[in-house]
Amino acid sequence: MQRLEQMQCILSPTIAVDSIVYSKEFLLLESNLAATAAKLLAQGAGTGLGWAVTKLYWSWELTHFHLIQNLIASECSSSIHTSLHHAAFVEGTCSFLFHLVLLKLRQSHPMYRVPALAATVTFLTYTAGPFTGAFFNPALSTAATFCCSGSSFWDYVQVYWLGPLAGMLAALLLYQGNIPRLFQKNLLYSQKNKYKIPKARVVAHMEGYEPHQKRKGEKSDSEPHA
């Protein structure tokens, strides 16, 4: 039941609010440092508050499910059920695929973008969930699993912070070829001129330019010399 609750919590927040998304906006020069920091702080505070309200709601024990949640909440265990390196790779891969799809569809109509993102998150959650819980959202994972026993704080940081961040950077680099906030040079794709001049126009321009040069030269020759 705890796993089911985690999956239900993941589907909505990962699409709606993602601290890695805010970091990506900063790297794309779409947001300045102050705005990005404010968004991250607001998300962290909101996630913590939401988790506290959820626990308070469970404490009222309105259903049998809430009673069970209260019994197991104090003894939660780590969501990392594989080796540390594999867990970080899983979270990074989830973040990479999610942000690659997000970048590809960010100019698309919401009618197509939202279902595609929802399908992507659902697929990643059910595929990677047994290994790490498939958070790929640092704020959500911090509130939901960092307090659980079974793994150290540094283990959680590597898996749930550094893994998703590395995945996002890889997706951004693959999609654009550069990271505008860090460097402008495109490392993967050649920059082609967007506005090309038709070849016939260039030839006509050069043909008209040559007689002009000849007339100018003839005029200078015809001037009397002292």
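It should be noted that the structure appears before, not after, this text.
Residues numbered from 1 in each chain as written. Predicted model: local features only at pLDDT ≥ 70, side-chain atom pairs only at ≥ 80, totals over all residues. Heavy atoms only, no water.

1. Some thoughts on the overall build of the protein chain
A tally of regular secondary structure across the protein chain gives nine helices and zero strands. Taken over 226 residues, the protein chain has a buried fraction of 33%. Long-range contacts, defined here as pairs at least 24 residues apart, represent 71% of the contacts in the protein chain between residues at least 6 apart. Accessible surface, the protein chain: about 14200 Å² in total, of which carbon and sulfur atoms supply 65%. (Helix = DSSP H or I, 4+ residues; strand = E, 2+ residues; numbered from the N terminus. Buried < 20%, exposed > 50% of the residue type's maximum accessible area, 1.4 Å probe, protein only. Contact = heavy atoms within 4.5 Å. Areas by Shrake-Rupley, 256 points an atom, 1.4 Å probe, with all protein chains shown as cover.)

2. Brief notes about the packing of aromatic side chains
All told, the structure shown has nine aromatic pairs when counted by the stated rule. For the ring pair Phe-98 and Phe-136, a centre distance of 5.9 Å and an interplane angle of 45 degrees mean the geometry is tilted. Taken as a pair, Phe-98 in helix α5 (residues 84-105) and Phe-136 in the loop between α6 (110-132) and α7 (138-145) lie far apart in primary sequence, 38 residues in all. Here Phe-98 matches Phe-136 in class, with each residue buried. Seen from their ring centres, Phe-146 and Tyr-156 are 5.0 Å apart, and the 20 degrees between their planes marks the pair as stacked. Highlighted residues: Phe-146 in the loop between α7 and α8 (153-176) and Tyr-156 in helix α8, separated in sequence by 10 residues. In terms of burial, Phe-146 and Tyr-156 fall into one category: buried. Linked through ring pairs, Phe-135, Phe-146, Phe-153, Tyr-156, Tyr-160 and Trp-161 together constitute an aromatic cluster. The cationic tip of Arg-181 hangs over the ring face of Phe-26; the distance from NZ or CZ to the ring centre is 4.1 Å. (Phe/Tyr/Trp six-rings, centres within 6.5 Å; stacked < 30°, edge-to-face > 60°. Lys NZ or Arg CZ within 6 Å of the ring centre and 35° of its normal.)

3. Thoughts on a nonpolar patch on the surface
A cluster of nonpolar residues, Leu-56, Tyr-57, Trp-60 and Leu-62, forms a patch on the protein surface that exposes about 450 Å² of accessible area. Mapped onto the elements of the fold, Trp-60 is located in the loop between α3 (33-59) and α4 (64-73). (Patch = residues over 30% accessible without salt bridge, like charges linked within 9 Å, V, L, I, M, F, W, Y side chains within 5 Å. Salt bridge = Lys/Arg side-chain N within 4 Å of Asp/Glu carboxyl O.)

4. A word on the environment of Val-157
Structurally, the position occupied by Val-157 is in helix α8. Residues Val-157 and Ser-141, 16 residues apart in the sequence, show an inter-C-alpha distance of 9.8 Å. Leaving out residues up to four positions away in the same chain, Val-157 has contacts with Phe-146 and Leu-162.

5. Observations regarding the nonpolar core
Grouped together as the largest cluster of nonpolar side chains are 12 residues: Cys-76, Ile-80, Ala-87, Phe-135, Leu-140, Ala-144, Phe-146, Cys-148, Tyr-156, Val-157, Val-159 and Tyr-160. Of all elements in the fold, only α7 and α8 reach the threshold of two or more residues within this core. Of all the elements, α8 adds the most residues to this core, at four residues. Excluding residues within four positions of it along the chain, Val-159 makes contact with Ile-80, Leu-84, Ala-87, Ala-88, Glu-91, Thr-132 and Pro-164. If you look at the next biggest cluster of nonpolar residues, it comprises 11 residues, including Val-90, Phe-98, Val-121 and Phe-136. (Core = buried A, V, L, I, M, F, W, Y, C linked by side-chain atoms within 4.5 Å.)

6. Let's talk about the side chain of Ser-151
Within the secondary structure layout, Ser-151 lies in the loop between α7 and α8. Polar contacts involving the side chain of Ser-151 include one to the side chain of Ser-78, which spans 2.9 Å. Sequence-distant contacts of Ser-151, that is, excluding residues within four places in its chain, are made with Ser-78, Ile-80 and Tyr-156. (Polar contact = N/O pair within 3.5 Å; in protein donor to acceptor, adjacent residues only side chain to side chain.)

7. Let's talk about unusual backbone geometry
Residues other than glycine predominantly adopt negative phi, and peptide bonds predominantly adopt the trans conformation. The backbone of Leu-29 shows a phi angle near 65 degrees, a positive value even though the residue is not glycine. Mapping Leu-29 onto the fold places it in the loop between α2 (19-27) and α3. Relative accessible area serves as the criterion here: at 46%, Leu-29 is assigned to the partly exposed category. Although it is not a glycine, Ala-134 sits at a positive phi angle of roughly 55 degrees.

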